[in-house]
Amino acid sequence: MQFKKIVNIFYIITGILNFFPSIAVNSPIVVILPTLLIMLIGVAKEFVSEFKRYKEDKIVNATPVKRLALPGSANFNANSGELAFEDATLAEIKCGDVLMIEDGKQVPADCVLLRVKDSNPECFVKTGNLDGERNLKPKLANEQLSKNLELLIGPKADQSSINLSVACIQPE
C-alpha cells in the first residue's frame, strides 16, 4: 500500500539515484532513512486498523441467528408439520440459507424478505449503518410466496425438486 503513494516512490528513487556519485546531491541515507521511517509508520497504522477490523469481524461473525433446519440436520423433524429453526452463527450462514429475523434484530447481510408474520407482507428496515439515512425503508415480501412458503420449504415439501431463484437489479 505504501508504494501506491507517488511521494514515497519519488523519494525511494531519489535515494537510489544518490548512490551514484556523479548525480548524488545528498548522502543516500539522508533520503532513504526518513522515507523508510514514514513508510514503516504507514505500515504500522495499516496493521493496527486491519487488526481492529479483524477483531470486530470476529464479534460480528459470532452473532447468533436462527436458520431453517434442513433435512439431515439434528433439528429437522418431517413429522412435526412446522418449520424448525436451529441456532447458528453468522459465520456459518451460506448463500441460500433461510433465516428467521425477529423484530428489532439486525439483518446480517443482503437478504430477501420471504414472509412477515403480520397479515401485511411488509417490514421496515433501518439502513443508517449502510447509507447514513435515518428513515425506515419499507421492504415487501412477495404475497404469493409469503402465503405458500411452508408448502415450498416446509417439512412436508419435496426438498429435492425445489428450485427458487431471485431476479434483482444490480447495485449502483
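Preceding this paragraph is the structure being described.
Residues numbered from 1 in each chain as written. Predicted model: local features only at pLDDT ≥ 70, side-chain atom pairs only at ≥ 80, totals over all residues. Heavy atoms only, no water.

Student: It is not clear to me how the pairing of strand E1 (residues 64-68) should be interpreted in this structure. Could you clarify?
Tutor: Strand residues, when the strand is regular, have side chains that alternate between the two faces of the sheet. Examined bridge by bridge, E1 and strand E2 (residues 85-89) share five bridges and lie antiparallel to one another. Its bridge partner lying in E2, Pro64 is registered against Thr89. Pairing of E1 with strand E3 (residues 99-100) involves two bridges; the strand directions are antiparallel. When the sheet's bridge partners are listed, Arg67 is paired in E3 with Leu99. (Pairing = 2+ DSSP bridges. Helix = DSSP H or I, 4+ residues; strand = E, 2+ residues; numbered from the N terminus.)

Student: I keep staring at helix H1 (residues 6-17) and nothing clicks. Help me out?
Tutor: Because each turn of an α-helix spans 3.6 residues, side chains separated by three or four positions in sequence point in the same direction. With 12 residues, H1 ought to run about 16 Å at 1.5 Å a step, and its terminal C-alpha atoms sit 16 Å apart, in line with that. Every buried residue of H1 is listed here: Asn8, Ile12 and Gly15. Buried residues in H1, looked at end-on, bunch into an arc of 60 degrees, giving them a common side. Tucked into the core, H1 has its buried residues touching helix H2 (28-61). (Expected span 1.5 Å × (residues − 1). Buried < 20%, exposed > 50% of the residue type's maximum accessible area, 1.4 Å probe, protein only. Arc of directions from axis to C-beta. Contact = heavy atoms within 4.5 Å.)

Student: Please explain the pattern of salt bridges as it appears in this structure.
Tutor: Close approach of charged atoms lets side chains of opposite charge pair. Evaluated as defined, the whole model comprises four salt bridges. Among the salt bridges present, the one from Asp87 reaches Lys66, with a minimum N-O distance of 3.2 Å. Here the residue Asp87 occupies a position in strand E2, and Lys66 occupies one in strand E1, the gap between them amounting to 21 residues. Lys66 gets classed as partly exposed once you look at its relative accessible area, which sits at 32%. In this structure, Arg67 engages Asp97 in a salt bridge whose closest nitrogen and oxygen atoms are separated by 3.6 Å. Pair noted here: Arg67 is in strand E1 and Asp97 is in the loop between E2 and E3, with a separation of 30 residues, a long-range link. Judged by relative accessible area, which is 14%, Arg67 ranks as buried. Three or more residues joined by partner-sharing salt bridges are found here, namely Arg67, Glu86 and Asp97. (Salt bridge = Lys/Arg side-chain N within 4 Å of Asp/Glu carboxyl O.)

Student: How should I be thinking about H2 in this particular structure?
Tutor: Spanning 34 residues, H2 covers 48 Å between terminal C-alpha atoms, matching the ideal 50 Å at 1.5 Å per step. When H2 is considered as a whole, its buried residues turn out to be Pro28, Val31, Ile32, Thr35, Met39 and Gly42. Of the surrounding secondary structure, the elements contacted by the buried residues of H2 are H1.

Student: Please explain the packing of H1 against H2 as it appears in this structure.
Tutor: Contact pair H1 / H2: the axes reach a minimum separation of 8 Å and the direction vectors enclose 150 degrees. Considering their axes alone, H1 and H2 lie roughly antiparallel with respect to each other. The two elements H1 and H2 meet at a crossing, and its hand is left-handed. Judged by residue contacts, Asn8, Tyr11, Ile12, Thr14, Gly15 and Ile16 of H1 engage Pro28, Val31, Ile32, Thr35, Leu36 and Met39 from H2. (Axes fitted to C-alpha atoms, helices over the stretch in contact; angles between N-to-C directions. Parallel < 35°, antiparallel > 145°, perpendicular 65-115°, else oblique. Left-handed = near helix turned anticlockwise from the far one by under 90°.)

Student: Just to check I follow, could you spell out the environment of Ile59 for this structure?
Tutor: Examined against the element boundaries, Ile59 turns out to sit in helix H2. Overall, Ile59 belongs to the exposed group, its relative accessible area being 63%. Sequence separation between Ile59 and Leu90 is 31 residues; the distance between their C-alpha atoms is 9.8 Å.

Student: Is there a simple way to explain the environment of Ile32 in this structure?
Tutor: Mapped onto the elements, Ile32 comes out in helix H2. Counting along the chain gives 19 residues from Ile32 to Ile13, while the straight-line C-alpha distance between them is 9.0 Å. In this structure Ile32 touches Gly15, Ile16 and Phe19, once residues within four positions along its chain are discounted.

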